[in-house]
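Chain and residue survey
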Amino acid sequence: MNVHARALAKAYAFDEQTAAFAGDVIGHLAQHPKRLSPKYFYDATGSELFEQITVQPEYYPTRTELGILRDRGAEIAAIIPAGAALVEFGAGATTKVRLLLEHCQFGAYVPVDISGDFLNAQAEGLRKDFPGLRVYPVAADFTAPFALPAEIAGMPKVGFFPGSTIGNFEPQEAADFLRTAREILGSGAQMIIGADLEKDERVLYNAYNDSAGVTARFNLNVLVRINRELGGNFDLPAFSHRSVYNRDRHRIEMHLISRKAQSVRILGNTFSFRPGESIHTENSYKYSLERFTELARSSGWTVRESWTDAAKMFSVHALVASE
């Protein structure tokens, strides 16, 4: 827990997760430029909004990755040991993991996510549809070390990190996450991971600026959460969503832009905004196959197999922990 979080936990009787949220918000908004961590998008409302994003016509990653998992499911199953425990980092809706469960003989499923209520609801649905599967949800920040359930201690471990979430990390953070995942999963672990690929900039722009405005509501919801959980007074109509592609850094950047000069108060702290000033809320890095392979190698993993769709829009990789 950071210094801000410890002080806030004591002053406001926050639980550990809320104190960490408060500490990060205050620390990050005090920086120049201001920012917020994308991991705080995913309260129950944020998780639901993200699922809506995935079915927007402009948003290609989810349907493309689903196609790869569906078409290559038998190949993925062939390299996963029967009876392994599947550990999903940042588990959301169960659409993708269901494809793996239909092809692979897993002994247990461990969904890990910071949004405990959403996580438990999804886990209960899986138990009903796969009655022979043991499901052990873990409410935790999957970007930090956490303990696996004792019930899976003797099983081979397979990590699952679908979507383009690896792209939300800065390159060094992505490497740190992969190293942490390797330590959590242990010796001989494998991992199935998705990564978005570089492509036409207009396709990327449209994917993060959908015409229905769902991504905008998803972005703004983090301010709703700050108001609700931390007593903030963000005026939502005074901020607008903006996503742009940074060609030099191979990433989409998502921002909340202040429409006017204003001040916001959160837990006794005041943050001033100039007209047009940004809160940088998320990056989504796009990889080439070569750059992803190098990222994995530098983090203690070897790429065993890689699969893409015919148009090379998205990639799914099977990693094995290096000796």
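This text gives an overview of the structure that appears in the document. Residue positions within a chain follow its written sequence, with the count starting from 1. The predicted origin of the model limits local features to residues at a pLDDT of at least 70 and limits the giving and counting of side-chain atom pairs to 80 or more, whereas totals for whole chains, interfaces and linings rest on all residues. Side-chain measures were taken over the full set of non-hydrogen atoms in the model, leaving aside hydrogen atoms and water.

1. Focus on the packing of helix α4 (residues 60-71) against helix α6 (residues 95-103)
Axis lines are fitted through C-alpha atoms, for helices just across the contact stretch, and the angle between N-to-C directions can take any value from 0 to 180 degrees. Helix numbers and strand numbers start at the N terminus; a helix is a DSSP run of H or I with at least 4 residues, a strand a run of E with at least 2. Contact geometry of α4 with α6 gives a least axis separation of 10 Å together with a crossing angle of 5°. With respect to α6, the axis of α4 lies roughly parallel. For the pair α4 and α6, contact is made by T62, E65, L66, L69 and R70 and by T95, K96, L99, L100 and H103, respectively. Each residue gets one label: Ala, Val, Leu, Ile, Met, Phe, Trp, Tyr, Cys and Pro are nonpolar, Asp, Glu, Lys and Arg are charged, and the others, such as Gly, are polar. A per-class count over the contact of α4 with α6 returns four nonpolar, three polar and three charged. The scheme is simple: roughly parallel for angles under 35 degrees, roughly antiparallel for over 145, roughly perpendicular for 65 to 115, oblique for anything else. Contacts: residue pairs with any heavy atoms within 4.5 Å of one another.

2. What about the packing of helix α2 (residues 16-29) against helix α10 (residues 214-230)?
The contact between α2 and α10 brings their axes to 11 Å, and the two run at 120°. Our classification of the angle between α2 and α10 gives oblique. Of the two elements, α2 crosses α10, and the hand of that crossing is left-handed. Each of T18, F21, A22 and V25 in α2 lies in contact with α10, whose residues at this interface are R225, I226, E229 and L230. The sense of a crossing depends on the near helix, which, turned anticlockwise from the far helix by less than a right angle, makes the crossing left-handed and, turned clockwise, makes it right-handed.

3. Structural notes on the environment of F271
With respect to the helices and strands, F271 occurs in strand β11 (residues 269-273). Non-local contacts of F271, meaning those with residues more than four positions away in its chain, are made with I26, L29, A30, K34, Q262, S263, V264 and I266.

4. Overview of the environment of D15
Relative to the elements of secondary structure, D15 occurs in the loop between α1 (3-12) and α2. Counting along the chain gives ten residues from D15 to A5, while the straight-line C-alpha distance between them is 9.9 Å. Definition of a polar contact: a pair of N or O atoms within 3.5 Å, with one able to donate and the other able to accept a hydrogen when the atoms are protein atoms, and with sequence-neighbouring residues admitted only if both atoms are side-chain atoms. Separated by 3.3 Å, the side chain of D15 and the backbone nitrogen of Q17 make a polar contact. A polar atom in the side chain of D15 sits 2.7 Å from the backbone nitrogen of T18.

5. With respect to the packing of aromatic side chains
Any pair of aromatic rings gets described here by the distance separating the centres and the angle formed by the planes. Between rings of Phe, Tyr and Trp, where Trp is taken as its six-membered ring, a pair exists when centres lie within 6.5 Å; planes separated by under 30 degrees are stacked, by over 60 edge-to-face, and by other angles tilted. Overall, the coordinates contain 19 aromatic pairs when judged by the stated rule. Judged by centre distance (6.0 Å) and plane angle (50°), the rings of F50 and F218 are tilted. In this pair, F50 sits in helix α3 (residues 44-53) while F218 sits in helix α10, placing the two residues 168 residues apart along the sequence. Throughout this description, buried means an accessible area under 20% of the type-specific maximum (1.4 Å probe, protein chains only), exposed means over 50%, and partly exposed covers the range between. Taking the relative accessible area as the measure of exposure, F50 reaches 23% and is therefore partly exposed. The class of F218 is buried, set by a relative accessible area of 3%. Aromatic side chains F161 and F177 sit 4.5 Å apart centroid to centroid with 35° between the ring planes, which places their arrangement in the tilted category. In this pair, F161 is assigned in strand β6 (residues 157-161) and F177 in helix α8 (residues 171-185), connecting sequence segments 16 residues apart. Assigned by exposure class, F161 and F177 land together as buried. These aromatic residues form a ring-pair network of at least three members: F41, Y42, F50, Y59, Y208 and F218. Residue placement shows K34 over the ring face of F273; its charged tip is 4.8 Å from the ring centre. Only Lys NZ and Arg CZ are tested; either one counts as a charge over a ring when it is within 6 Å of the ring centre and within 35 degrees of the ring normal. The ring of F21 has R225 sitting right over it, with the charged end atom 4.4 Å from the ring centre.

6. Considerations on the pattern of salt bridges
Salt bridges are counted wherever a side-chain nitrogen of Lys or Arg sits within 4 Å of a carboxyl oxygen of Asp or Glu. For the structure shown, the criterion picks out 20 salt bridges. Residue K34 pairs with E277 through a salt bridge whose shortest N-O separation is 2.7 Å. Here K34, found in strand β1 (residues 34-35), pairs with E277, found in the loop between β11 and β12 (278-285); they are 243 residues apart in sequence, far enough to count as distant. When its relative accessible area of 9% is taken as the criterion, E277 is described as buried. Its salt-bridge partner being E170, residue R249 comes within 3.6 Å of it at the nearest N-O pair. Of this pair, R249 sits in the loop between β8 (239-246) and β9 (251-258) while E170 sits in the loop between β6 and α8; the two residues are 79 residues apart in sequence, bridging distant segments of the chain.

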